[in-house]
Amino acid sequence: MPASAAGLIAIPAAAAAAYFVYRVLRPAAPPLPPKAPSSMLETVAAMTSPNSIEFLTACAERVGPIFRLPMPLLRPLIVVVEPKVARAVLDNPSHSKPLFMYAASESVAGNVSTIFSARDHSAGSKWQWARKATAKAFHPSHVHAMNVSCAECYTRWMDETLAPAAANGHPLKMCDELLLTTIQFICDAAFGYQLARDEAEAVLHDTQVALEVSFRVFALVPFSETFWWAFAKGRAHRVASRRLLAFSAKMLEAYRSLPDGRKAQMNGTLIAIIDGNAKYGSDAERVAEILMFLIAGHDTTALAVAWVLSDLAHHAHDQAELRAELHAMPPAERSKSALLAAVIKESMRLNPVAAGGSVRQLEQALPLPGGKAVLPEGAIVVVPFGVLFRRPHIGDAPNEFRPRRWLAGGPDADRLADVHPFSLGRRNCVGQALALAELHTVVPMLLAEYEWEVVQSPRAELFLTNKPEGLMLRAKRVTRTS
Ligand code: HEM
């Protein structure tokens with residue numbers, strides 16, 4: 001046999017032998033967490049339905065708080081509802097957001113990256129400078145000013161819509177009403193723009209269409225975004241997304257054309273910060289950022305208020321107790337009521353608006369307690385708050401609305417640190433101070449003057465945010481005896 005032919009056989013044989021020895025001798029990789037008890041088809045159907053939280057709750061009950069979901073992905077998809085491991089995942093600054101999920105939000109914003117979708121956290125990255133700059137808009141001094149605008153918007157709604165409905169005994173579709181009022185408030189407070197009701201309805205409609213197609217079609221069906229023009233939903237998405245971008249550009253132009261004196265008053269607001277930040281490469285980037293804040297800020301807060309009212313309407317005793325506490329305080333102090341804080345926290349625990357939670361891609365492996373299994377590098381980890389916040393570690397009756405568990409000395413007071421509806425770590429919610437201020441302003445206003453009763457109970461529907469779908473309440477003006 002010629003030497004070159006022998007070499008042709010010997011080299012692959014040696015490589016195969018070396019690989020065999022390596023496979024036999026290398027330490028066995030620690031096993032992955034157990035698999036959820038469902039087929040891939042069942043899992044995909046459940047995870048893309050509005051009932052994904054029930055499905056994940058049932059999986060956790062059967063296999064434990066950390067499990068793998070069989071999904072058609074190249075990386076393992078692992079669900080974590082064990083509080084310490086969830087915290088370890090979210091708190092680790094090196095983990096990133098998985099591209100396939102967060103990039104879907106960019107197709108709403110003209111395929112431009114935003115603070116919400118950016119994955120790179122390195123020094124000088126877009127996310128880092130955008131987060132640092134926009135966080136200033138949520139400093140307490142600015143949140144106070146935004147809160148004034150919040151109270152004005154809600155007072156107008158109470159005068160124009162709530163008072164007549166209460167006088168006539170008409171029930172209200174709470175999600176529709178609160179979404180309209182909150183988007184008007186966010187546009188005013190964050191962008192200095194007075195949004196008329198019909199324009200607000202159009203923006204809400206376009207947002208719904210654009211998000212639905214981005215996350216339910218483009219993110220799931222390969223090449224559907226490329227061929228958007230070939231199907232009706234793709235074309236509807238393009239129209240809605242263009243209108244939303246045009247609306248955000250209109251708010252930016254409206255701000256720029258304000259007289260200098262008015263602009264100076266708006267110093268430090270979100271629109272002033274975004275407009276004045278020269279690091280944005282173009283107005284297309286500024287417009288996309290404005291749109292992302294508008295989307296992230298309005299339905300989250302509106303639906304959180306809706307859930308609080310729903311919980312109180314379903315628990316007349318807690319509602320009466322809170323109202324009595326509020327009435328005992330001067331109106332300007334009511335936002336500081338301890339029971340109010342407990343009610344808001346309990347409602348956000350039981351029905352977190354971000355029920356799907358946070359999703360992270362691990363940039364390094366995470367060994368699990370006991371050392372028996374590992375979350376491998378590259379895995380996609382989902383921490384669904386809608387499941388985590390109702391796990392047994394919470395304390396007594398985790399599925400029940402019991403605000404008093406949050407009060408100092410309450411039965412579960414020291415077990416609730418793992419309830420974090422705004423997420424944890426560097427990618428937590430940048431707007432949480434505004435959201436909490438809105439809740440602590442609006443709920444006392446609505447509760448001190450009105451009693452709320454249930455006309456139709458909601459079904460929790462999760463699509464990006466957890467909505468009390470179908471919630472109808474009747475308000476009755478409170479008659480005070482003292
Ligand atoms: C009750 C109301 C709110 C809740 C429950 C909430 C919840 C959250 C959560 C859980 C995240 C992390 C998402 C993730 O890990 O992927 C987040 C991120 C974010 N939120 Fe909120 N949010 C609320 C209100 C707001 C408001 C009022 C704004 C602004 C006006 C806002 C702007 C943002 C932005 C820009 C991000 C992305 C931050 C980043 O990646 O650095 N949110 N929010």
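Before reading further, recall that the structure is shown in the block above.
Structure report, in brief. (Residues numbered from 1 in each chain as written. Predicted model: local features only at pLDDT ≥ 70, side-chain atom pairs only at ≥ 80, totals over all residues. Heavy atoms only, no water.)

As a further point, take the overall build of the protein. When helices and strands are tallied, the protein shows 17 helices and eleven strands. When its C-alpha atoms are laid out on the principal axes, the protein stretches across 105 × 55 × 40 Å. Looking at the 482 residues of the protein, the share that counts as buried comes to 50%. Here the contacts in the protein between residues at least 6 apart in sequence split such that 70% fall between residues at least 24 apart. Total accessible area on the protein stands at roughly 22300 Å², and carbon and sulfur atoms take up 60% of it. In the protein, 50 side chains carry a positive charge and 45 a negative one; their mean positions are 6 Å apart. (Helix = DSSP H or I, 4+ residues; strand = E, 2+ residues; numbered from the N terminus. Buried < 20%, exposed > 50% of the residue type's maximum accessible area, 1.4 Å probe, protein only. Contact = heavy atoms within 4.5 Å. Areas by Shrake-Rupley, 256 points an atom, 1.4 Å probe, with all protein chains shown as cover. Lys, Arg positive; Asp, Glu negative; His and termini not counted. Charge placed at Lys NZ, Arg CZ, Asp CG, Glu CD.)

The full count for this structure, using the stated rule, is 20 salt bridges. D283 is the salt-bridge partner of R286, the closest N and O atoms lying 2.8 Å from each other. Of the two residues, R286 and D283 are both situated in helix α13 (residues 283–314); the distance of three residues between them amounts to about one turn of the helix. Residue classification places R286 among the buried positions, given a relative accessible area of 10%. In this structure, R477 and E449 form a salt bridge, with 3.2 Å as the shortest nitrogen-oxygen distance. Remark: E449 occurs in helix α17 (residues 432–449) and R477 occurs in strand β11 (residues 472–477); sequence separation between them is 28 residues. (Salt bridge = Lys/Arg side-chain N within 4 Å of Asp/Glu carboxyl O.)

Following both chains from N to C, one finds helix α7 (residues 140–168) and α17 inclined at 35°, their axes separated by 10 Å at the closest point. Seen along the crossing, α7 lies across α17 with a hand that is right-handed. Along its contact with α7, which presents V143, M146, N147, C150, A151, Y154, T155, W157, M158 and L162, the element α17 presents A433, L434, A437, E438, T441, V442, M445, L446 and E449. In terms of residue class, the contact of α7 with α17 is made up of 14 nonpolar, three polar and two charged. (Axes fitted to C-alpha atoms, helices over the stretch in contact; angles between N-to-C directions. Left-handed = near helix turned anticlockwise from the far one by under 90°. Nonpolar A, V, L, I, M, F, W, Y, C, P; charged D, E, K, R; others polar.)

A few words on the coordination of the iron atom of the ligand. The protein supplies the iron atom of the ligand with one donor atom, C429 (SG), which lies at 2.3 Å. With respect to the helices and strands, C429 occurs in the loop between α16 (385–388) and α17. (Donors = N, O, S within 2.8 Å, 3.2 Å for Na, K, Ca; no water.)

Sheets are built from strands paired through backbone hydrogen bonds, the pairs being either parallel or antiparallel. The strand order β3-β11-β8 describes an open sheet built from three strands, whose pairing is antiparallel. Bordering the open sheet on either side are β3 (172–173) and β8 (450–456), each of which pairs with just one other strand. Bridge count for β3 against β11 is two bridges, and the pairing is antiparallel. Bridge assignment links K173 to a residue of β11, and that residue is M472. (Pairing = 2+ DSSP bridges.)

With respect to the secondary-structure elements, S214 resides in helix α9 (residues 197–218). Of note is the side chain of S214, whose polar atom sits 2.7 Å from the side chain of S107. Within the local environment of S214, its side chain forms a polar contact with the side chain of H237, the two groups lying 2.9 Å apart. (Polar contact = N/O pair within 3.5 Å; in protein donor to acceptor, adjacent residues only side chain to side chain.)

Another aspect to go through is the side chain of H121. Within the element layout of this structure, H121 appears in the loop between α5 (99–106) and α6 (126–135). Residue H121 is classed as buried on the basis of its relative accessible area of 9%. Each residue touching H121, except ones within four places of it in the same chain, is listed here: P93, H95, S96, W127, Q128, R426 and R427.

Let's shift gears to the environment of M251. With respect to the element layout, M251 can be found in helix α10 (residues 232–256). Exposure remark for M251: the relative accessible area of 0% places this residue in the buried category. Taking C-alpha positions, M251 is 42 Å from T43, a pair spaced 208 residues apart along the chain.

A few words now on helix α8 (residues 174–191). In a regular helix each residue adds 1.5 Å, so 18 residues correspond to 26 Å; α8 covers 25 Å between its end C-alpha atoms and thus fits that length. Across the 18 residues that make up α8, a large majority, 17, are buried. (Expected span 1.5 Å × (residues − 1).)

Let's shift gears to the site of the ligand. Around the ligand lies a shell of 27 residues, among which Y102, W127, S358, R427 and C429 are the nearest. Within the side chain of R360, one N or O atom sits 2.9 Å away from an oxygen atom of the ligand. In terms of residue count, α13 provides more of the shell around the ligand than any other element does, six residues in total. Across the shell around the ligand, the residue classes break down as 16 nonpolar, seven polar and four charged. (Near = heavy atom within 4 Å.)

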